[in-house]
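# Structural description and commentary
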Amino acid sequence: MRLLPTGLTYFLEVARTGSVSEAAVALTVAPSAISRQITKLEAGIGVPLFLRHPRGMIPTDAGNLLLDHVRRSEAESAALLGELRTGRGLQARSITVACSEGFGRRVVPRAIAEFRREHPDVAFRVDVVGREEATRRVLDGAADVAVTYTTGPQHGVRVESAVVVPVYAVVPPGHALAGRDRVGLAELAGYPLALPTTGQSLRELFDIAARIENLAVRPALVCDELGPLYEFVRAGGGVALAGGLGDLERDAEAEGVGYVHLDNPAFRQREAQVQTMAGRTLSLTVTRFAALLVSFVRPAEPGK
């Protein structure tokens, strides 16, 4: 059930799909009905909401402003329906978290476990997705909270916290770097490296740093999943990279690896952010969980 007016519902779907025909399929209505509603909406507001191209419909600046408002309204409508059906007011019974894999591995599950000790009736859904997709899900209202890495300003989200997370070399026990406080990029490049694929924020910054230092690096392994990278390290295949969050000493023991700080200024451009939808009125439960999550998304303790 939707509480949004028909015109805004159609507008939102066209903005999501970029196409009147695709929106019509998603909403199971005639394309002409959607076109009429969009035209009526534009006439009522007095400005065009879309740029119409052969390849699709692109929101104008005014359309993007309206889109932000409609997304917030849809998210709050969904929350209101849940509250009306359960009679629990601002106490959300479920929370959806979108996060990139680095956070889904330990940080988010640990925060959920601690939160449920005091709120055992709250259920969670965790969607492990790419960093940009995590932000998009908060923008669309598909997730209540996102935890992800960013390398630039974000539109339409409220940043609950942003911290620069140091990058660490992940090494097997007994490795020549094990026990070191830090290592430079040139020295690190002398070992077989396991890196994320091009397009991942950590890989982008690694490539920038390598170019600055005039280093030619050919990775021994390229993979976006952390599991294979860590297993490659444990098997003695080489060295991987990871963001340093929380208690590295505890994580090193659990993973059977060691962590050595990678000392290079290029990696200071990347922030770990906890995000919610800008302007959205969060339930009390979501607000409390977001605050707890902020306390978990912190750089590793010095010397750990």
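Further up the page is the structure itself.
Throughout what follows, the structure given in this document is the object of discussion. (Residues numbered from 1 in each chain as written. Predicted model: local features only at pLDDT ≥ 70, side-chain atom pairs only at ≥ 80, totals over all residues. Heavy atoms only, no water.)

Here we take up the overall build of the protein. Helices and strands together make up the secondary structure of the protein, namely twelve helices and 13 strands. Seen along its three principal axes, the alpha-carbon backbone of the protein occupies a region of about 70 × 50 × 30 Å. The 304 residues of the protein split such that 47% are buried. Distance between charge centres in the protein, computed from 34 positive and 34 negative side chains, equals 4 Å. (Helix = DSSP H or I, 4+ residues; strand = E, 2+ residues; numbered from the N terminus. Buried < 20%, exposed > 50% of the residue type's maximum accessible area, 1.4 Å probe, protein only. Lys, Arg positive; Asp, Glu negative; His and termini not counted. Charge placed at Lys NZ, Arg CZ, Asp CG, Glu CD.)

Before going further, it helps to examine the pattern of salt bridges. Tallied over the full model, the rule gives 18 salt bridges. Glu13 is the salt-bridge partner of Arg16, the closest N and O atoms lying 3.8 Å from each other. With Arg16 and Glu13 both in helix 1 (residues 6–17), this residue pair falls three residues apart, about one helical turn. For Arg52, the salt bridge goes to Glu42, with nearest N and O atoms at 2.9 Å. Here Glu42 lies in helix 3 (residues 31–45) and Arg52 lies in strand 1 (residues 50–53), a separation of ten residues in the sequence. Judged by its relative accessible area of 12%, Glu42 falls in the buried class. A network of salt bridges, in which partner residues are shared, links Arg125, Asp127, Glu133, Arg136, Arg137 and Asp140. (Salt bridge = Lys/Arg side-chain N within 4 Å of Asp/Glu carboxyl O.)

This paragraph deals with the pairing of strand 5 (residues 145–150). Of all six residues in strand 5, six are buried, a share of seventy percent or more. Neither face of strand 5 is open: one carries Val145, Val147 and Tyr149, the other Ala146, Thr148 and Thr150, and all of them are buried. Taken together, the three bridges between strand 3 (residues 94–99) and strand 5 define a ladder with parallel strand orientation. Its bridge partner being in strand 5, Cys99 is matched across the sheet by Val147. By the bridge criterion, five bridges tie strand 5 to strand 13 (residues 271–277) in an arrangement that is antiparallel. Of the residues in strand 13, the one forming a bridge with Ala146 is Gln275. (Pairing = 2+ DSSP bridges.)

One way to put it is that helix 6 (residues 107–118) packs onto helix 12 (residues 284–296) with a least axis distance of 10 Å and a crossing angle of 130°. As judged from the angle between their axes, helix 6 and helix 12 are oblique. Seen from above, helix 6 lies across helix 12 with right-handed handedness. Contacts between helix 6 and helix 12 involve Val107, Val108, Arg110, Ala111, Ile112, Glu114 and Phe115 on the former and, on the latter, Thr285, Arg288, Phe289, Leu292, Leu293 and Phe296. Grouping the amino acids of the contact of helix 6 with helix 12 by side-chain chemistry returns nine nonpolar, one polar and three charged. (Axes fitted to C-alpha atoms, helices over the stretch in contact; angles between N-to-C directions. Parallel < 35°, antiparallel > 145°, perpendicular 65-115°, else oblique. Left-handed = near helix turned anticlockwise from the far one by under 90°. Contact = heavy atoms within 4.5 Å. Nonpolar A, V, L, I, M, F, W, Y, C, P; charged D, E, K, R; others polar.)

Looking now at the packing of aromatic side chains. Summed over the entire model, instances satisfying the criterion amount to six aromatic pairs. For the ring pair Phe115 and Phe124, a centre distance of 5.9 Å and an interplane angle of 90° mean the geometry is edge-to-face. Assessed through its relative accessible area of 4%, Phe115 is described here as buried. Among the aromatic residues, those joined into a cluster by ring pairs are Phe115, Phe124 and Phe289. Seen from the ring of Tyr230, Arg105 lies directly overhead, with NZ or CZ sitting 4.6 Å from the centre. (Phe/Tyr/Trp six-rings, centres within 6.5 Å; stacked < 30°, edge-to-face > 60°. Lys NZ or Arg CZ within 6 Å of the ring centre and 35° of its normal.)

This part takes up helix 1. Look at helix 1: 17 Å from first C-alpha to last across twelve residues, which is about the 16 Å you get at 1.5 Å a residue. Extensive coverage of helix 1 is indicated by the burial of nine of its twelve residues. Taken together, the buried positions of helix 1 are occupied by Gly7, Leu8, Thr9, Tyr10, Phe11, Leu12, Glu13, Val14 and Ala15. Just downstream of helix 1 lies Gly18, where phi reads positive at about 75°. (Expected span 1.5 Å × (residues − 1).)

One open sheet holds the five strands; their spatial order is 4-3-5-13-6, and the pairing between them is mixed. Because the sheet does not close on itself, it has two edges, and the strands there are strand 4 (123–128) and strand 6 (157–164). Put simply, the sheet's adjacent strands are angled 20° from each other on average, direction ignored. Where strand 3 meets strand 4, six bridges bridge the pair, whose relative direction is parallel. By the bridge assignment, Ile95 is partnered in strand 4 with Phe124. Contacting strand 3, strand 4 and strand 5, helix 6 crosses the sheet at an angle of about 175° to strand 4.

Taken by themselves, the reported measurements are silent on function.
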